[in-house]
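Below are the chains, spelled out letter by letter.
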Amino acid sequence: MRLKILVYLQIALMLLMCVPAMAIANTSNEITLSLSKTTALVGENVTASGTTQASAWVPLKVMDAANSILIFDTTKAGVNGNYSIDFVVPAGAAGTLTVTVGEGSNIDTGSLIVTGTPPVDTEAPAWPSGTLSGTSVTQTGLTLSWSAASDNVGVTGYKVYQDGIAKYTVSGSTLTCNVTGLTAGTGYTFKVEAVDAAGNWSIDGPIASVTTNSGSSSGGGSNTPQPVNSTTGEAVVNSDAGGKISLGSDVSVNIPANALTGTAKVNVTIEKVSGPQAAPAGFKLLGSVYEFKAGGNESYSFNKPVSLTFTFDPASLSPGEIPAIHYYDEASGQWVNIGGTVSGNTITVEVNHFTKFAVLAAGVQEGKPALNDIAGHWAANNINQLVSLGAINGYNDGSFKPDNTITRAEFATVLVKAFQLTSQDGKIFADTAGHWAKDYIATAAAAGVVNGYDADTFGPDAMITREQMAVMLVKAAKLAPAASETQFADSGSISGWAEEAIATVTGNGIMKGYPDNTIKPGGSATRAEAVTVIVNALNK
């Protein structure tokens, strides 16, 4: 019996000695790779995980049969040597892909078979009998409620517009929204649009006009200033009340409280200009030119932005023409494009000064046909704007292919053109020496906008990821770094080298997340997404 006990004790002692050894992190130089799946559809998420040295950087490459890099990403292993990288099977991928982690002689590889492309959802949500109403109205807020939109797959989110400007986004299961920060006694127009998982937005969402409650006189007999609401094109505005002045249904200005300088009341007017300045070449005037004045001064500057809303006739637009609000710069004698948010037959923009304003439409470049596959696309206006600038083109068949992915070379080229970077000699990588975009990549490299994967590799034909796009964009637009952290559901997947750039572009409203509150940092960017973030940056 004693012999058995001794044997058991020896076994237990050996097990205890083994436990610490089992808990020690991988200290060898060998890296391991395991894929969460061996077959996947285009667009599906795949997780690459394994072990390596503690706190070591782990590069990942996904290559096709021709050894072209489709995806490149890096992550840092934990203190126990474990690492994990999520990536999305990019559009255009087919056959067997090779997934490699590590570098030099310390690598491990795996195979991923692409089994096809999921059906493309091109049908946007619709509102066959959509309703929108405002309840619980106070002086400064209200609650909006609407009926659900219908979709062939499913609605994933709703966006609420206030006077033509997108203000709130909610999930697809939410049919209400609390609106705050309004001005007492002021009329507002709200609209709701729906989106599905494929990013298709509706265009026929319900609209409702709601006027907030007016303030009342205080018990002491002193009257609280009330916001004005005039449709005659003229009103006396109290600085601490603000108000809305419109000239019929053609144009209006919404002045927030305390936007006027000083404390005195100011007479605000909107007048239609007779004999206005001609539209620049390549543009046409949609409607009239309007002159806005405050206190009789047409160059009045505000303490904070006011919003202008113009009505135009969408039927007057030719294919490919883009409406945008412009102001006339008297000093230079030129019209200046300040963009605007289009909602149906209105376009709205925020400004901080008064002068002459008008809606102008820019057409496609002479000799170039209108793009034939962007009508109704959520990025159509942005695409047309960048095409009109000559920064990006469609294809020979007249298409733009907005939902196709975009390569690193293509994105670098568009950045150089859009931001008008001066052509100069720069880094020629081993894999760009004979590439069609060699000069553009060299110019971008010389400007400090792009870097290679290493000293010899740029990966011009690799699909650009959203986090790579963010880093390049911050450098091209020379944006000041944002101090705040991102709050997306997948923020933990953002590579360390891209965290500041993602925070900067999202903090400036240049790049947005998806309806499920993800940013998909390693996902391939589409041509429409690339165009949109560049246009947003140009308008900053």
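Before reading on, note that the structure itself is shown above.
Before going into details, it helps to say that this report is about the structure given with it. Not measured: the values here are computed from a predicted model.

**Description of the overall build of the chain**
So, point 1. Each helix and strand counted, the chain has 7 helices and 27 strands in total.
So, point 2. Restricting to contacts in the chain with at least 6 residues of sequence separation, those with at least 24 account for 65%.
So, point 3. Roughly 25,800 Å² of accessible area belongs to the chain as shown, and the carbon and sulfur atoms make up 52% of that amount.

**Re the packing of helix α3 (residues 408-418) against helix α5 (residues 466-477)**
So, point 1. Their axes nearest at 11 Å, the elements α3 and α5 cross at an angle of 20 degrees. Taken together, the axes of α3 and α5 lie roughly parallel to each other. For the pair α3 and α5, the crossing hand works out as right-handed. Between α3, through Arg408, Phe411 and Leu415, and α5, the contact on the second element is made entirely by Gln468, Met469, Met472, Leu473 and Ala476.
So, point 2. Classifying every residue of the contact of α3 with α5 gives 6 nonpolar, 1 polar and 1 charged.

**Focus: the packing of α3 against helix α7 (residues 527-538)**
So, point 1. Between α3 and α7, the shortest axis-to-axis distance is 11 Å and the interhelical angle comes to 25 degrees. Taken together, the axes of α3 and α7 are roughly parallel relative to one another. Handedness of the crossing formed by α3 with α7: right-handed. Counting all contacts with α3, which are made through Phe411, Val414, Leu415 and Ala418, the residues of α7 involved are Ala530, Ile534 and Leu538.
So, point 2. Grouping the constituent residues of the contact of α3 with α7 by class yields 7 nonpolar, no polar and no charged.

**Here we look at the nonpolar core**
So, point 1. Leu386, Phe411, Leu415, Leu473 and Ile534 are the most contacted members of the largest nonpolar core, which totals 53 residues.
So, point 2. For this core, the secondary-structure elements that each account for two or more residues are α2 (380-388), α3, α4 (438-446), α5, α6 (499-507) and α7.
So, point 3. Once you skip the residues sitting within four places of it in the chain, Ile534 turns out to touch Leu386, Phe411, Val414, Leu415, Ala418, Phe419 and Leu473.
So, point 4. Core analysis: the second largest hydrophobic core is formed by 31 residues, Phe292, Phe302, Ile325 and Phe354 among them.

**Looking at the sheet that holds strand β9 (residues 132-135)**
By way of backbone hydrogen bonds, the strands of a sheet pair with one another, either parallel or antiparallel.
So, point 1. Taking strand neighbours across the sheet as the criterion, the 3 strands line up as β9-β10-β13 in an open arrangement whose pairing is antiparallel. Only two strands of the sheet have a single neighbouring strand rather than two, namely β9 and β13 (176-179). On average, each strand axis in the sheet is tilted by 25 degrees relative to the strand beside it, whichever way the strands run.
So, point 2. Sheet topology note: the β9/strand β10 (residues 142-146) ladder contains 4 bridges and is antiparallel. Note that in β10 the partner of Thr135 across the bridge is Thr143.

**A few points about the pattern of salt bridges**
Opposite charge on two side chains allows them to pair when their charged atoms are near.
So, point 1. In this structure the tally under the stated criterion is 5 salt bridges.
So, point 2. With a shortest N-O distance of 3.5 Å, Lys356 and Glu291 are connected by a salt bridge. Taken as a pair, Lys356 in strand β27 (residues 356-362) and Glu291 in strand β21 (residues 283-294) lie far apart in primary sequence, 65 residues in all. For the residue pair Lys356 and Glu291, the accessibility class agrees, reading buried in each case.
So, point 3. Ionic pairing is found between Glu529 and Arg466, a salt bridge with its closest N-O pair at 3.5 Å. Residue Glu529 is found in helix α7, and its partner Arg466 is found in helix α5; the two are separated by 63 residues along the sequence.
So, point 4. The exposure class assigned to Arg466 is buried, which follows from its relative accessible area of 3%.

**Observations concerning the packing of aromatic side chains**
So, point 1. Using the criterion set out here, one finds 13 aromatic pairs in the structure.
So, point 2. Seen from their ring centres, Trp127 and Tyr158 are 5.8 Å apart, and the 55 degrees between their planes marks the pair as tilted. In this pair, Trp127 is assigned in the loop between β8 (106-116) and β9 and Tyr158 in strand β11 (residues 155-162), connecting sequence segments 31 residues apart.
So, point 3. A relative accessible area of 1% places Tyr158 in the buried class.
So, point 4. Relative to Phe310, the ring of Phe292 has its centre 6.3 Å away and its plane inclined at 70 degrees; by these criteria the two rings are edge-to-face. Here Phe292 is found in strand β21, whereas its partner Phe310 is found in strand β22 (residues 301-311), with 18 residues between them in sequence. There is no split in this pair, since Phe292 and Phe310 are both buried.
So, point 5. Three or more aromatic residues joined by ring pairs make a cluster, and in this case those are Tyr290, Phe292, Tyr300, Phe302, Phe310, Tyr327, Phe354 and Phe357.

About the cut-offs
Residues numbered from 1 in each chain as written. Predicted model: local features only at pLDDT ≥ 70, side-chain atom pairs only at ≥ 80, totals over all residues. Heavy atoms only, no water. Helix = DSSP H or I, 4+ residues; strand = E, 2+ residues; numbered from the N terminus. Contact = heavy atoms within 4.5 Å. Areas by Shrake-Rupley, 256 points an atom, 1.4 Å probe, with all protein chains shown as cover. Axes fitted to C-alpha atoms, helices over the stretch in contact; angles between N-to-C directions. Parallel < 35°, antiparallel > 145°, perpendicular 65-115°, else oblique. Left-handed = near helix turned anticlockwise from the far one by under 90°. Nonpolar A, V, L, I, M, F, W, Y, C, P; charged D, E, K, R; others polar. Core = buried A, V, L, I, M, F, W, Y, C linked by side-chain atoms within 4.5 Å. Buried < 20%, exposed > 50% of the residue type's maximum accessible area, 1.4 Å probe, protein only. Pairing = 2+ DSSP bridges. Salt bridge = Lys/Arg side-chain N within 4 Å of Asp/Glu carboxyl O. Phe/Tyr/Trp six-rings, centres within 6.5 Å; stacked < 30°, edge-to-face > 60°.

By themselves these figures say nothing about function.
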